[in-house]
Amino acid sequence: MSHDEPRQDAPDTVAVWGGEPHPMADRATQVPVVHSVSFGYDDFDEWYGVAVGERPGHIYGRNSNPTVDAFEEKVRLLEGGEAVTSAATGMAAISSSLYALLAPGKRVVSITDTYGGTSKIFTEFLPRYDVDVELCDTTDADAIEAAVAEGCDLLYLETPTNPTLKIVDLERLTAAGHAQGAVVVVDNTFATPINQTPLALGADLVVHSATKFLGGHADALGGVVVGRDDLIERIYHYREINGATLHPEAAYLLLRGMKTLHLRVERQQANAQRIAEFLEEQPQVTVVNYPGLPSHPQHEVARKQMRGFGGMLSFGLEGGLDTVARFFPQLRLSHAAANLGSVETIVAPPATASHVECTPEERAALGIPEGLLRYSAGIEDVEDLLADLRQALATI
Ligand SMILES: *Cc1c(COP(=O)(O)O)cnc(C)c1O
């Protein structure tokens, strides 16, 4: 099969074939992990050509690496963007993007429900550099539009949000951002490109914690940014100089994980839907946040912009944090851990996971309930997961 010519393959096919170089050294069929830190040249002209970007090739591992390139290209094709760069972690991709594109006097508009680390950049770090940040109520599109209308250089959105699973209307807000000349950035970690492609809805940049669904096996950290060529060039430059480069070994693990992205997401969201419907019927459960439920306040927006509702949900238990703390250790088929998007089911209260960086007061101010349990549905048999939840609910 030839896979080096441009064409419009389905995401399933792109997940498997996209970005794989051809031919590979020694006729290998799998992307080699290139550990070499530097790349040597025999003569000045060739070396110089590569160094100034006139010829393809690599110079030094902090700048670029062939294994990392293959990973980046697969994500670029899945997100449908012009250009791509990567970083050591999701936060490195997010912080590199923000610091590369912002400067003193610039203004950011975002939402209160961004990932905890991102929220820390907005509340703790950017203000130190005289960047003005306004965080709006995540589900109040009118308020976000009003804040943008007061001036906006960068509009930063995340949907569905972590851990509250709120949905932000990407088409509407991207248009509002562009009317003010803002760069629009979307964290697509929860949806994955299988379910949602923000660039097709107008966004300029899409960022991922590749650590989560893209890798899918909780064994490699990584981050990636896809979008407008001129913006990616600035982010790449910031990252190559500041140094948070993705490791080739991690790039390989992420690349291998991505070959089954579509299969995993399909099963994870089928499981999440069944589990959300089950939890909604349970008397001990106070709230279930899942965009695939008709009861979800932004269900219609989710239907409009997502092809599937994803593998993440969260729910509250009668009795709040005390009950949650007693409940989750009773589950047999799930890791109690800080990550998400893996093949195994994972549970976590926000105070120990998505918003561990925040104080209880900050979580309260951000509207993150303490008595919530985030549930990342794995690819197990859903009947086993339901039985596990049933037995754990019976103990509280
Ligand atoms: C985990 C996560 C991040 C941060 O990614 P790391 O790889 O842990 O640095 C950013 N955004 C979302 C939505 C996440 O879930």
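The structure this text deals with has already been given above.
Below or above, wherever it landed, is the structure these notes cover. (Residues numbered from 1 in each chain as written. Predicted model: local features only at pLDDT ≥ 70, side-chain atom pairs only at ≥ 80, totals over all residues. Heavy atoms only, no water.)

### Topic: the environment of E318
One can find E318 in the loop between β9 (312-317) and α13 (321-327). Residues contacting E318, with those up to four places away along its chain left out, are P283, Q284, T286 and T323. (Helix = DSSP H or I, 4+ residues; strand = E, 2+ residues; numbered from the N terminus. Contact = heavy atoms within 4.5 Å.)

### Some words on the pattern of salt bridges
In total, this model carries 16 salt bridges according to the counting rule given. For R172, the salt bridge identified is with E145, shortest N-O distance 2.9 Å. Residue R172 is located in helix α7 (residues 170-179), and its partner E145 is located in helix α6 (residues 141-149); the two are separated by 27 residues in the primary sequence. Its relative accessible area of 32% is what places R172 among the partly exposed residues. Overlapping salt bridges bring together E20, K74 and K259 as one network. (Salt bridge = Lys/Arg side-chain N within 4 Å of Asp/Glu carboxyl O. Buried < 20%, exposed > 50% of the residue type's maximum accessible area, 1.4 Å probe, protein only.)

### Quick notes on the packing of aromatic side chains
Counted according to the given criterion, the structure contains six aromatic pairs. Centre to centre, the rings of F122 and Y156 are 5.4 Å apart; their planes meet at 75 degrees, and the pair counts as edge-to-face. Taken together, the positions of F122 in helix α5 (residues 116-125) and Y156 in strand β4 (residues 154-158) put the pair 34 residues apart, joining distant regions of the chain. An angle of 85 degrees between the planes, with centres 6.1 Å apart, marks the rings of F315 and F327 as edge-to-face. Taken together, the residues span a long stretch of sequence, with F315 in strand β9 and F327 in helix α13 at a distance of 12 residues. Side by side, F315 and F327 carry an identical accessibility label, which is buried. Through a chain of ring-to-ring contacts, the aromatic side chains of Y99, Y129 and Y238 assemble into a single cluster. (Phe/Tyr/Trp six-rings, centres within 6.5 Å; stacked < 30°, edge-to-face > 60°.)

### A look at the site of the ligand
Close contacts around the ligand come from 15 residues, with G90, M91, D187, T211 and K212 the closest. A distance of 2.8 Å separates an oxygen atom of the ligand from a polar atom in the backbone of M91. In the environment of the ligand, an oxygen atom lies 3.2 Å from a nitrogen or oxygen atom belonging to the side chain of N162. Within the complex, the protein chains bury 93% of what would otherwise be the 380 Å² of accessible surface of the ligand. The dominant element in the shell around the ligand, judged by the number of residues it contributes, is helix α4 (residues 90-101), at three residues. When its residues are assigned to classes, the shell around the ligand shows five nonpolar, seven polar and three charged. (Near = heavy atom within 4 Å. Polar contact = N/O pair within 3.5 Å; in protein donor to acceptor, adjacent residues only side chain to side chain. Areas by Shrake-Rupley, 256 points an atom, 1.4 Å probe, with all protein chains shown as cover. Nonpolar A, V, L, I, M, F, W, Y, C, P; charged D, E, K, R; others polar.)

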